Amino acid sequence: MEYWAELLFYLAPFLGLLAVGSLISDFILPHIGPLARWIDTLPMMQEEDQDGED
């Protein structure tokens, strides 16, 4: 049980930081004008078919 408490102690702040970062990138950064224009100029990513071939 002590292992899981220690794991949670170290993992929880890291996961919280990832959650806050994702919220910032999704909801705050697109409202910044120059950054939103730069994001719009990036090419769209094209998905490749995954047929098991490399």
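The following paragraphs examine the structure supplied in this document. (Residues numbered from 1 in each chain as written. Predicted model: local features only at pLDDT ≥ 70, side-chain atom pairs only at ≥ 80, totals over all residues. Heavy atoms only, no water.)

### Quick word on the overall build of the protein chain
When you go through the protein chain residue by residue, the secondary structure sums to two helices and zero strands. The buried share of the protein chain, reckoned over its 54 residues, is 0%. A total of about 5,700 Å² of accessible surface is found on the protein chain, and carbon and sulfur atoms cover 65% of it. (Helix = DSSP H or I, 4+ residues; strand = E, 2+ residues; numbered from the N terminus. Buried < 20%, exposed > 50% of the residue type's maximum accessible area, 1.4 Å probe, protein only. Areas by Shrake-Rupley, 256 points an atom, 1.4 Å probe, with all protein chains shown as cover.)

### Some points on a nonpolar patch on the surface
Together, Tyr3, Trp4, Leu7, Leu11, Phe14, Leu15 and Leu18 give the surface a local cluster of nonpolar side chains, amounting to about 740 Å² of exposed area. Looking at leucine 15, the relative accessible area reads 48%, which means it is partly exposed. (Patch = residues over 30% accessible without salt bridge, like charges linked within 9 Å, V, L, I, M, F, W, Y side chains within 5 Å. Salt bridge = Lys/Arg side-chain N within 4 Å of Asp/Glu carboxyl O.)

### Quick word on the packing of aromatic side chains
The full count for this structure, using the stated rule, is two aromatic pairs. Ring centres of tyrosine 3 and tryptophan 4 lie 5.1 Å apart, and the angle between their planes is 75 degrees; this geometry places the pair in the edge-to-face category. Residue class for tyrosine 3 comes out exposed when judged on its relative accessible area of 55%. A residue is classified by how much of its surface remains accessible, and tryptophan 4, at 54% relative accessible area, is exposed. Note on phenylalanine 9 and tyrosine 10: the rings are 5.2 Å apart at their centroids and 80 degrees apart in plane angle, and the pair reads as edge-to-face. Classification of phenylalanine 9 as exposed rests on a relative accessible area of 58%. (Phe/Tyr/Trp six-rings, centres within 6.5 Å; stacked < 30°, edge-to-face > 60°.)

### Some remarks on the environment of isoleucine 39
Note that isoleucine 39 resides in helix 2 (residues 33–41). Classification of isoleucine 39 by relative accessible area gives partly exposed; the value is 39%. As a C-alpha pair, isoleucine 39 and leucine 29 span ten residues in sequence and 9.8 Å in three-dimensional space.

### Side note on helix 1 (residues 2–28)
Taking 1.5 Å as the rise per residue, helix 1 with 27 residues should run 39 Å; its terminal C-alpha atoms sit 39 Å apart, in good agreement. Along helix 1, the sharpest kink reaches roughly 30 degrees, centred on leucine 11 and followed within four residues by the proline proline 13. (Expected span 1.5 Å × (residues − 1). Bend = angle between axes of the 7 residues up to and from the residue.)

Any functional reading would require information beyond the geometric quantities listed.
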